[in-house]
Structure formats: structure tokens, C-alpha cells
Protein chains: 2
Amino acid sequence: MEKEQTASMEDYLEAVAMLRRRGKAVRVKEISQALGVKMPSVTAALKKLSDDGLVEHERYGRVKLTPAGDRAAKSVFHRHQVLLRFLTQVLSISPQIAVEDACRMEHSISPITLERLSKFLEFAGACPRERPSWLENYKHYLEYGQLPASCPEKSVKE
Amino acid sequence: MEKEQTASMEDYLEAVAMLRRRGKAVRVKEISQALGVKMPSVTAALKKLSDDGLVEHERYGRVKLTPAGDRAAKSVFHRHQVLLRFLTQVLSISPQIAVEDACRMEHSISPITLERLSKFLEFAGACPRERPSWLENYKHYLEYGQLPASCPEKSVKE
DNA sequence: TTAGAATGTTAGGTCTGGCTAACTAAAGGT
DNA sequence: ACCTTTAGTTAGCCAGACCTAACATTCTAA
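Residues numbered from 1 in each chain as written. Chains lettered and ligands numbered in written order. Predicted model: local features only at pLDDT ≥ 70, side-chain atom pairs only at ≥ 80, totals over all residues. Heavy atoms only, no water.

Please clarify how helix 3 (residues 39-51) of chain A should be interpreted in this entry.
One turn of the α-helix equals 3.6 residues, which is why residues spaced by three or four share an orientation. Residues and elements named next belong to chain A. Along its 13 residues, helix 3 runs 18 Å from first to last C-alpha, staying within 8% of the 18 Å computed at 1.5 Å per residue. Looking at helix 3, one finds that the buried residues are Val42, Ala45, Leu46 and Leu49. The arc enclosing the buried residues of helix 3, seen along the axis, measures out at 100 degrees, which places them on a common side. Along helix 3, exposed side chains directed more than 90 degrees from the buried face belong to Pro40, Lys47 and Asp51. (Helix = DSSP H or I, 4+ residues; strand = E, 2+ residues; numbered from the N terminus. Expected span 1.5 Å × (residues − 1). Buried < 20%, exposed > 50% of the residue type's maximum accessible area, 1.4 Å probe, protein only. Arc of directions from axis to C-beta.)

Printed below as a string of C-alpha cells:
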């Protein structure tokens, strides 16, 4: 079992993975800018992650994720993405706010809740799109504060 | 504007409010048991909250929330409840897990997201309950891994 | 090829939020 | 009334995660 990381360490792992994905050479400076912390904080974090076998980092050199580090980073990223999709696609929250919330909540969501949220998104995507679906009804409700006319008050037998 | 509290301080405030609501005299011991920390940690936290004007606590005495402390505690509690309802009622997560998640996420959810989640619950409660509603369809999907027969694949024109 | 700029590290400090050990106050039973 | 138990406090320690200041290395461009 991979060792549990703190929210902070998860942020560092995620940042390294992100920077890699963008092709940039992963340097201390970049990480520090990405996370809004000073370089010495990054150095300290990398030492810790290195001790835990999650990154490779030689003095003054580039930063690389180990396979374990990569798995850990992917896990954080996945949580981030699921939350982000839920916040934007279902709750209709603006991308800026959604990203901020995802960044904070990605560290406290449990695997079970994550899985359910994911299933919920699948369901929302799979269930009827045609005509005002329940999701569209929700958006109407958000905007006008009341249920849309198309939202059946009484059942429509079958 | 009330001063922003840390997750930890919010937990103390919430615990005090909870104990009060249950009629129990709010003592250091109780708080410590409720939060799973040792008594000296509680004493320290109460000193800080007292400095911030959120609780009243005289040496060896009972603990009381000030009006500001009460507002802060209510805010945390409200976040907790909205999350809890969403997790249990919409995502169908078991109460135990849902409580744990709510306890962690209540500290990182933004006011906007909270508000949307709340609206979502209102909507889910208001929109058609008769016949398999979209929420019931979701539960079916959770259980059987596929959309229920009653989930229209094609639109039903009006 | 070498000096200066840019980048990175080390040392040491702060703040938060836990802990244990040792002390003090309050409560309660006989 | 007093002596023990229980509750609460104080003091002091530790770890995480940040910071600044000072020092070291690497890169780059004249």
C-alpha cells in the first residue's frame, strides 16, 4: 500500500505531474510558481517526497516522478477532474470557482464518495438528453428560481 | 466580517455547539472526547477561540459560545448538513461514510458551491417524485450498472 | 572564459496543532 | 472536614509547512 500523503504533499505531486504533462522541464522554480510558494518550501517538500520514494530529485537537477509517485499523482488528478466535472457540469459553477473548490476538496473526498460522484456523472451523461432533461430542468430552476413548465407536476403514467 | 477560522478551530466550534444542543454541560473533557484529542489541546484551542471572541471560558469553568461564535458554529453545521444530505440522499452513500466525508469537506467547500448544492437538493426534492424519477433512475443505475427500462432512450415529444 | 544573473540550497525562524508529564483545582464520599 | 478521584491547566516538546536571509551552483552572454 502506498503511504498516505498530506494535502500539501499531494499538491506537490500534482504540480509535478501537471508541469510534465505540459512538456515543461520540471524545475523547482516552476513548481514554486505553480503552487504559489517560495523555492525553499519546494526543496523541502521534494526531499520528503524523495524519502518516501515518490520523486527523484538530485541537487540542482530536474524533478521526476517515480512509478509510485506517478500513481499517486494520477490519483489526485483523477479526484480533481471528477470534482471539477461535477461542479461545472452538474452544479453549473463557473470554471474559476470550480477549480478552486476542486483543488481544496480533492484532498478530503473519500474513495467511495468519489466513485459515486463519478457514477453520477456517467448517469447524467447517459440518461435522456432529449428535451429538457432533469439536468436542464435543474438549470432552469437555478436561473428562474422555479421549476420549468416541462417539469411534470403530476405523473405522466408511463 | 467574522475572522476566518482554520478547519481545526471550526471543529471545536462545531463540537461546542453540538454538545450544547444535546443539553450536556459543555466541559473540556466532553469536547476532548467528541473530537478525539487530549484535554490540553482543547484548553489551547479554547484560549485561541476566546482571544478571537468566539467562546467564553473561565478557568475550570463551563464553555459558552458568544453570539459571534454561535454564528460561526451554525455556519459550519449548515455546511455539514447540506453535504450530508447530498451524500446520503442523492449519492446514496451510507450514513457512516457520509458523516466522515461531510466532516472533512465542510471545511473546504466554498459558499457558492454550498449554495448550489443546496439548490440542487431543493430541486431534487421539488421535481417530480411520481414514477421512477431521475433520482430513482440513478439509484437503479448504481445498483444494476445500467439504465432502467423506464429511462427514455429516445425523447417522448412533450 | 569568466562575471553576473538566474536558479537552487541551507540554516534558522514562525505558526499551528497536536502530544506527554507534572501540577492544581474542584467535587464527592465517608 | 479531609482526602482521593476527576477534571483542568501549564510547561515544554515535536512535526508539518511555510517563510527570509545568506550562501552555492549553473547558465549565459559578452
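Even after reading the chapter, I still don't get the protein's contact with DNA strand C, so can you show me in this structure?
Lining the immediate environment of DNA strand C, one finds 18 residues, of which A:Lys29, A:Thr43, B:Thr6, B:Ser8 and B:Ser41 sit closest. Within the side chain of B:Ser41, an N or O atom sits 2.6 Å from a phosphate oxygen of DNA strand C. Elements that contribute at least two residues to the surface near DNA strand C include exactly helix 2 (28-35) and helix 3 of chain A together with helix 1 (7-21) and helix 3 (39-51) of chain B. Classifying every residue of the surface near DNA strand C gives nine nonpolar, five polar and four charged. (Near = heavy atom within 4 Å. Polar contact = N/O pair within 3.5 Å; in protein donor to acceptor, adjacent residues only side chain to side chain. Nonpolar A, V, L, I, M, F, W, Y, C, P; charged D, E, K, R; others polar.)

What's the story with the pattern of salt bridges in this structure? I'm lost.
Any two side chains of opposite charge can pair, on the condition that their charged atoms come close. Using the criterion set out here, one finds 14 salt bridges over all chains in the structure. One salt bridge connects A:Asp51 with A:Lys47, and the closest N-O pair in it is separated by 3.1 Å. Of this pair, A:Asp51 and A:Lys47 both sit in helix 3, four residues apart, roughly one helical turn. With respect to burial, A:Asp51 and A:Lys47 carry one shared label: exposed. Notably, a salt bridge pairs B:Lys48 with B:Asp52, separated by 3.6 Å at the nearest N-O pair. Owing to a relative accessible area of 37%, B:Lys48 belongs among the partly exposed residues under this scheme. (Salt bridge = Lys/Arg side-chain N within 4 Å of Asp/Glu carboxyl O.)

Explain the nonpolar core to me, please; I cannot follow it from the model alone.
Most often, soluble globular proteins keep nonpolar side chains buried together rather than apart. If you look at the biggest cluster of nonpolar residues, it comprises 38 residues, and the most contacted ones within it are A:Phe86, A:Phe120, B:Phe86 and B:Phe120. Mapped onto this core, the elements with two or more residues apiece are helix 4 (67-90), helix 5 (95-105) and helix 6 (111-126) of chain A together with helix 4 (67-90), helix 5 (95-105) and helix 6 (111-126) of chain B. (Core = buried A, V, L, I, M, F, W, Y, C linked by side-chain atoms within 4.5 Å.)

Please clarify how helix 5 of chain A should be interpreted in this entry.
Those residues of helix 5 of chain A lying buried are A:Ala98, A:Asp101, A:Ala102 and A:Met105. The arc that holds every buried residue of helix 5 of chain A, seen down its axis, measures 100 degrees, which confines them to one face.

I would appreciate a short explanation of the packing of aromatic side chains in the present structure.
Between two aromatic rings, the relevant description is the distance of the centres plus the angle of the planes. Inspection of the entire model under this criterion finds four aromatic pairs over all chains. Arranged with centres 5.4 Å apart and planes meeting at 45 degrees, the rings of A:Phe86 and B:Phe86 form a pair that is tilted. Taken together, the positions of A:Phe86 in helix 4 and B:Phe86 in helix 4 put the pair across two chains. Their ring planes at 75 degrees and their centres at 6.1 Å tell us that A:Phe120 and B:Phe120 sit as a pair that is edge-to-face. With A:Phe120 in helix 6 and B:Phe120 in helix 6, this residue pair bridges two chains. Each member of the pair, A:Phe120 as well as B:Phe120, is classed as buried. One aromatic cluster in this structure is built from A:Phe86, A:Phe120, B:Phe86 and B:Phe120. (Phe/Tyr/Trp six-rings, centres within 6.5 Å; stacked < 30°, edge-to-face > 60°.)

Hey, could you run me through the protein's contact with DNA strand D in this one?
In the vicinity of DNA strand D lie 18 residues, with A:Thr6, A:Lys38, A:Ser41, B:Lys29 and B:Thr43 positioned nearest. Side-chain polar atom of A:Thr6 to a phosphate oxygen of DNA strand D: 2.6 Å apart, as the coordinates give it. Contacts to DNA strand D include B:Thr43, whose side-chain N or O atom sits 2.8 Å from a phosphate oxygen. Listed by contribution, the elements that provide at least two residues to the surface near DNA strand D are helix 1 (7-21) and helix 3 of chain A together with helix 2 (28-35) and helix 3 of chain B. Grouping the constituent residues of the surface near DNA strand D by class yields nine nonpolar, five polar and four charged.

Treat this as a map of the structure, not an account of what it does.
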